[in-house]
There are 2 protein chains.
Amino acid sequence: MLDALFRPRGVAIIGASTKELSIGNVIIRNLQTYGYKGNIYPINPTAPDVRGIKAYKSLGEVPGEIDVAHIIIPAKLVPQAIEECGKKGVKAVIINSAGFSEMGEEGARLQEAFLANAKRHGVRVFGPNCQGIINTDPSLKAYCNFTFTYPEPGSVSVVALSGGVGALIMQALFDEGIGMRMYASNGNACDLSIPEILRYWADDPGCKAILLYTEGFSDPMEFLETAREVAARKPVLAMKAGRTEQGAKAASSHTGSLAGVDIATELIFGKTGILSFQDEEDMVRAAKAFATQPVPAGNRVGIITNTGGPAVIATDVLVAAGLEVPKLSDASISRLKATQLPQAALENPIDVVATAGGDQFRAAVEVLLEEEGVDSIFINFVTAPFTDTHEVARQIVEASRKGKKPVVCNFMTDLTQERYRITMEILKDGGIPFYATPTAAARALGALARYGRLRRRDIGRPETFAGADAARARSVVLSARETGRSVLSAADVYTILESYGIPVARWKAAGTPDEAAAAAEAIGCPVVLKVDSEAIDHKSDMGGVAVDLKDPAAVRSAAEGMRRRLGSHGDLKFLVQKFHPGGRELIVGASAERGLGHLVMFGLGGIHVEVLKDVVFKIAPVTRVEACEMLDSIRAKTLLDGVRGQKGVDKDKVVELIQRISQLLADLPEIREMDLNPVMAFEDSVVAVDGRIRI
Amino acid sequence: MLDALFRPRGVAIIGASTKELSIGNVIIRNLQTYGYKGNIYPINPTAPDVRGIKAYKSLGEVPGEIDVAHIIIPAKLVPQAIEECGKKGVKAVIINSAGFSEMGEEGARLQEAFLANAKRHGVRVFGPNCQGIINTDPSLKAYCNFTFTYPEPGSVSVVALSGGVGALIMQALFDEGIGMRMYASNGNACDLSIPEILRYWADDPGCKAILLYTEGFSDPMEFLETAREVAARKPVLAMKAGRTEQGAKAASSHTGSLAGVDIATELIFGKTGILSFQDEEDMVRAAKAFATQPVPAGNRVGIITNTGGPAVIATDVLVAAGLEVPKLSDASISRLKATQLPQAALENPIDVVATAGGDQFRAAVEVLLEEEGVDSIFINFVTAPFTDTHEVARQIVEASRKGKKPVVCNFMTDLTQERYRITMEILKDGGIPFYATPTAAARALGALARYGRLRRRDIGRPETFAGADAARARSVVLSARETGRSVLSAADVYTILESYGIPVARWKAAGTPDEAAAAAEAIGCPVVLKVDSEAIDHKSDMGGVAVDLKDPAAVRSAAEGMRRRLGSHGDLKFLVQKFHPGGRELIVGASAERGLGHLVMFGLGGIHVEVLKDVVFKIAPVTRVEACEMLDSIRAKTLLDGVRGQKGVDKDKVVELIQRISQLLADLPEIREMDLNPVMAFEDSVVAVDGRIRI
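Residues numbered from 1 in each chain as written. Chains lettered and ligands numbered in written order. Predicted model: local features only at pLDDT ≥ 70, side-chain atom pairs only at ≥ 80, totals over all residues.

It is worth spelling out the overall build of chain A at this point. Helix and strand counts for chain A stand at 25 helices and 30 strands. In terms of overall dimensions, chain A has C-alpha extents of about 95 × 80 × 40 Å along its principal axes. In chain A, buried positions account for 53% of the 695 residues. Contacts in chain A between residues at least 24 apart in sequence constitute 73% of all its contacts with a sequence separation of at least 6. (Helix = DSSP H or I, 4+ residues; strand = E, 2+ residues; numbered from the N terminus. Buried ≥ 20, exposed ≤ 12 C-beta atoms within 10 Å, placed from the backbone. Contact = placed C-beta atoms within 7 Å.)

Glancing now at the relation of the copies chain B and chain A. It takes a turn of 180° to lay chain B on chain A, together with a shift of 0.1 Å along the axis; the resulting RMSD is 0.1 Å. What the superposition gives is, in effect, a two-fold axis relating one chain to the other. Within chain B, Leu612 of chain B has its C-alpha nearest the rotation axis, a separation of 4.9 Å. The overlap is high: 100% of the interface residues of chain B also sit at the interface in chain A, so the same surface is used on both sides. (Least-squares fit on C-alpha atoms with pLDDT ≥ 70 in both.)

What follows is about helix α15 (residues 389–401) of chain B. Residue and element names in this part refer to chain B. Helix length check: α15 (13 residues) gives 18 Å between terminal C-alpha atoms against 18 Å at 1.5 Å per residue, within 8%. When we look at burial in α15, the residues that qualify are Thr389, Val392, Ala393, Gln395, Ile396, Val397, Ala399 and Ser400. Structurally, α15 contributes buried residues whose contacts are with α14 (358–370), β18 (376–382), β19 (407–412) and α16 (418–429). (Expected span 1.5 Å × (residues − 1).)

What follows concerns the interface of chain B and chain A. A common way to express how large an interface is: the accessible area buried when the components associate. Listed per partner, the contact involves 56 residues of chain B and 57 residues of chain A. Where the side of chain B that touches chain A is concerned, the elements lending two or more residues are α2 (23–34), α5 (163–175), α11 (280–292), α12 (308–320), α17 (438–456), α22 (607–610) and α24 (638–641) of chain B. No other element matches the nine residues that α12 of chain B contributes to the side of chain B that touches chain A.

The domains assigned to chain A are domain 1 (1–130), domain 2 (147–292), domain 3 (293–456), domain 4 (506–579) and domain 5 (584–694). Once you take the C-alpha centre of each, domain 3 of chain A and domain 5 of chain A turn out to be 43 Å apart. (Domains from an automatic or database assignment.)

Moving on, we come to the nonpolar core. Ranked by size, the top nonpolar core spans 468 residues in total, and within it Val93, Ala287 and Val576 of chain A together with Val93, Ala287 and Val576 of chain B carry the most contacts. Those residues in contact with Val93 of chain A that sit more than four places away from it in its chain are Ala69, Ile71, Ile82, Cys85, Val123, Val125 and Phe126 of chain A. (Core = buried A, V, L, I, M, F, W, Y, C linked by C-beta atoms within 7 Å.)

Another aspect to go through is the sheet that holds strand β8 (residues 132–135) of chain A. Strand pairing in a sheet relies on backbone hydrogen bonds. The paired strands run either parallel or antiparallel. Residues and elements named next belong to chain A. Pairing in this open sheet of seven strands is mixed, and the strands run β9-β8-β11-β10-β12-β13-β14 from one edge to the other. Single-partner strands in this sheet number two, and they are β9 (142–144) and β14 (275–277). Between one strand and the next, the sheet's axes are offset by a mean angle of 20°, whatever the strand orientation. Bridge count for strand β13 (residues 236–240) against β14 is three bridges, and the pairing is parallel. Across the sheet, Leu237 pairs through a bridge with Leu275, a residue of β14. (Pairing = 2+ DSSP bridges. Axes fitted to C-alpha atoms, helices over the stretch in contact; angles between N-to-C directions.)

All names here are of chain A. With twelve residues, helix α2 (residues 23–34) should cover 16 Å at 1.5 Å per step; its first-to-last C-alpha distance of 16 Å lies within 8% of that length. Buried residues along α2 sit against β1 (10–14), β2 (39–43), β3 (49–50), β4 (53–54), β5 (68–71) and β9. Just downstream of α2 lies Gly35, where phi reads positive at about 90°.

Glancing now at the pairing of strand β11 (residues 180–185) of chain B. Residue and element names in this part refer to chain B. Across the six residues that make up β11, a large majority, six, are buried. As judged from the four bridges shared by strand β8 (residues 132–135) and β11, these two strands associate in the antiparallel manner. Note on β11: the bridge partner recorded for Ile133 is Ala184. As defined by bridge partners, strand β10 (residues 153–160) adjoins β11 across four bridges and the pair is classed as parallel. Residue pairing for β11: Pro153 is matched across the bridge by Met180.

Residues and elements named next belong to chain B. Read from one edge to the other, the open sheet built from seven strands follows the order β9-β8-β11-β10-β12-β13-β14, with strand pairing classed as mixed. Of all the strands in the sheet, just β9 (142–144) and β14 (275–277) have a single pairing partner and so form its edges. Looking at each pair of strands side by side, their axes are set apart by 20° on average, direction ignored. Bridge count between β8 and β9: three bridges; the pairing is antiparallel. Looking at β9, one finds that Asn135 is bridged to Ala142. The sheet strands contacting α5 are β10, β11 and β12 (209–214), and the helix crosses β10 at an angle near 160°.

Below, the structure written as structure tokens:
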């Protein structure tokens, strides 16, 4: 269906206007100027023609077929216009008009009204309150949009709800000399959605990479599922704005408030293999490399430079982007010695020196293409006045073609000078992505390498552990719900955890101090005694927790004390639990995220969570690989391995625990929040010693 | 003196060449093309003229005065050439030739030789192995350089040892449409140094801002002292490359290895008020704002936008750069209501909507200029086709002129279109700095605001605490040195600390277990017993420390145990010290940095240093303000205030301790490394309980 929208054979403009610079005129001008190969049908009740093209009083009068109709009329007239589109057999409408859901209730009702008409007739709606689409395909040249940039045809497609940022990205591609394939900015997106467009572009052989700008998703799960498919087929480069509200959140120990709405988009990007950017210019410049270069097989880069300082800058940026600048093999160094000028530095970076000509650059590129220890090539090329820069550019292009490693160039010159513009054209025509500064070039190669890591990473499938007793866990949740409890009792929490094979400190519920003493006897001292009451929030601050009780008598006496102090909170019950001293405190938590299932959290307990905010999140279900990534991405990760005589923890068991929590969450979507805090981790075991679940 | 170099009335080119594209030809071409107003004297033994200018066989034949002589001849001929320059009365030479200290010993000897000649004749040397200088002053137009960019005159001056990066910055300024004042790239810098150039530019009324690129300093202290003076007078924007080696260091608990050479440059920038950048493009773009805009009085920004998404991006970047986006006053909102279109959003950001014209932009700028709650103005201006963009630009320019707040603009358009190029010229001529993306524009305003914070910050003078007994401390150091000890004994360390009023846990040295017991009696239990021996490195791992000894008998018995276990390490001595349990562990350290005095380190002890690397450094002497900044800039700073029932520490006493350490270091430059680890900090006191000093 999206063929009709993105490859329209006929376009009507309902609201075509003879007034220059009005949207109903600009769209026609754009179709004309850009060279649209299909038919243009202006619809205007009075004018005989618009911009020299015969106009029609109504859609019904149009002789040919209409794939797309622009609608640029007052909002309240839109439902009727769609009705007419339906009757005419229009396949898709682009509603440029505003005044719908973005303007409050009345607008939202109008939106529902026209959408109902559209559904009845099978007309797809793009927008409303939107720019439109562009397809640069030379056989079509459909510029169904009122923006002002006329992009070169190319292989990068752009999608953004926000027209302002969409246009900005399109312009930045143009400024960087990067061709564009298709463009879509769909405003309110009441029908045709970004996931649907992404899926269409995944199938478009002319599209090599997709750029996406977003401020969040109305249906995060739909996006996640689509993005996973699409990103597996071609690079999706994305930028999410609205990051700083998230920064302002954080702070509490609750999973829910540590993981705000905004964290989720980045987590979706991470889970699906979308390459995330925080600077629109970086994203566009990376696209320049993606449009022509292969993805590097690894992180090792060889650097060629004809000047010192810019190579230092590039090295800084490349290393910060996760690349390595390895030593070259002896064979490579010998080959360099045979081909480079005597003053050249034959290491990595290879300094071919300012006087190097085409032969030296060519030889250096060839050496790096054959060097097994290098996966990509970075070139600093400053155009010294005494150098034949055309020849250098030609040799870089020719040599690069012979290999399968990406080549990215920092081309430092003055493009207002004719001579250097020609040099630039040689690089451009040769498909070598180049940038005006070493930092910009290094970031672009860094993005390619980062994408390479994403492609090589296989997060695998979520594991399902045998022996999980989902029915038992579910019955606990259901009975809590039936009795109107949203916070589960400790006994309920431990029962659910045990149903999923999650190790829990051995525990017994006790109604009285005597029962507590008996429970301690059964469990074996030392034990912990806790009051078990929803009514008491911060148990340990309230004196409702006693640790390291060495014998049943001590347990009885502690329980009696709690009764005295906390009896006013109602009929106190107790929980007696095996005491596990030592070990490393961990926290594993989860929170339900609107439209996305659960986020799972992992961190070290105590100050690591509350003060240092050193916690990580993943979207459930969490695979084994993802759980390992969680352990590996906290700042204090070396504490898990043990430092300065302290023992490390059994990381495999922690990873398994996270996965079991993930399985539990998949079976129990009712859970809104859960915390295992702390989980005590030892050299050969882990055990949850306190937990909280809210449904 | 530098007038002769930067404002030469006559320039000789020793090594002038008739060969196109050779340096001896290009420099003459550049002088000609750029329109040099002084006299050009090519020196060439055979050619009668070079590029149409009469050539001279030798300097002696030149009729006029020569302020600057370029030297572009083989290295071994340079000493003689300088001799001739001296005889002719040349004031400064720019030695473009290479082959000196950068090429090893023989080159270094040549460098010494020509430098001796230069000194004898009072000739100043710029270079060798360098590009040269440029002065764009329209009355002079001195392009004494072989680069290819012809900068517009302006108010930003550029200095870099590295010619490649210098040229890159000059080109980037040119590409951004930013005028340049002077340029200097002095290669090996054997005589004329960057600090000398900075001091000269500080006095240049035509220079509004200085851009500096560096990879480190040969004399960091000279740079620090100069930079402090210069940065107090005008903005110095700087970039240091070679950052990642430092990143690769870190790791140990030693002050010395945590603070590598590379950390020092950033610390110098911080101490002197130089604005540091990590991206050359960001630095150049910031210069565009510094060239025309005032420094904001505070961090509060008002945002005007005619499209939604780019304002979201700008807000993210501005907030990340430390700006606030405050609510507007009721008065401002009323004024906006009266002047803006009905669809406009009257908050901050102010969305004037896409159809806003010059009147709406003007009114919005005026409101923000008068709004007391706002210190700077950010404008997103996307050129919608239906807008009179010239008028918008004119109104922005006119309104901005009336205020004293900086205005920075994101101007989103297609500059290949004539119409929008005119709009851009209006902004440019009106002195409004503009950028193609919201991120770039917001970063530039962020840099202005960051500079504003630096200007408002007064680090004050280092304090000198009365009662310090420098003589006593010095005698301890001297006697250690005399006996050939580089690691001081614990008793020496505590004596030095006490000499500077640094609180130390009460201690006594003891030669035998009996003496140790007596010392415990005198100090009062509980105490700590430590062996005091240089020969034993990790005392506590070796069983050489016993804590919390409750009575003298326990002390005697512990000391006897240590004698048995560690007696093989020689004649054991002991240290008995008051035991201070609880409290927060801190570490305060120092290390001597080549050419820069000492770096002082502060952090929380234990894992905060070793695992989390959460430590900060300052260059000594550390003022009270700087010490407060140290406490405030560790990630775990809230631990100092106390969290979750744990008590905070007496921050004033910690600040004083850091300052006293700083005073001690100023008096004892012999100290190469020192660590107080830990310092125990309590709610109302601090006390050093272990220390180490290496001289």
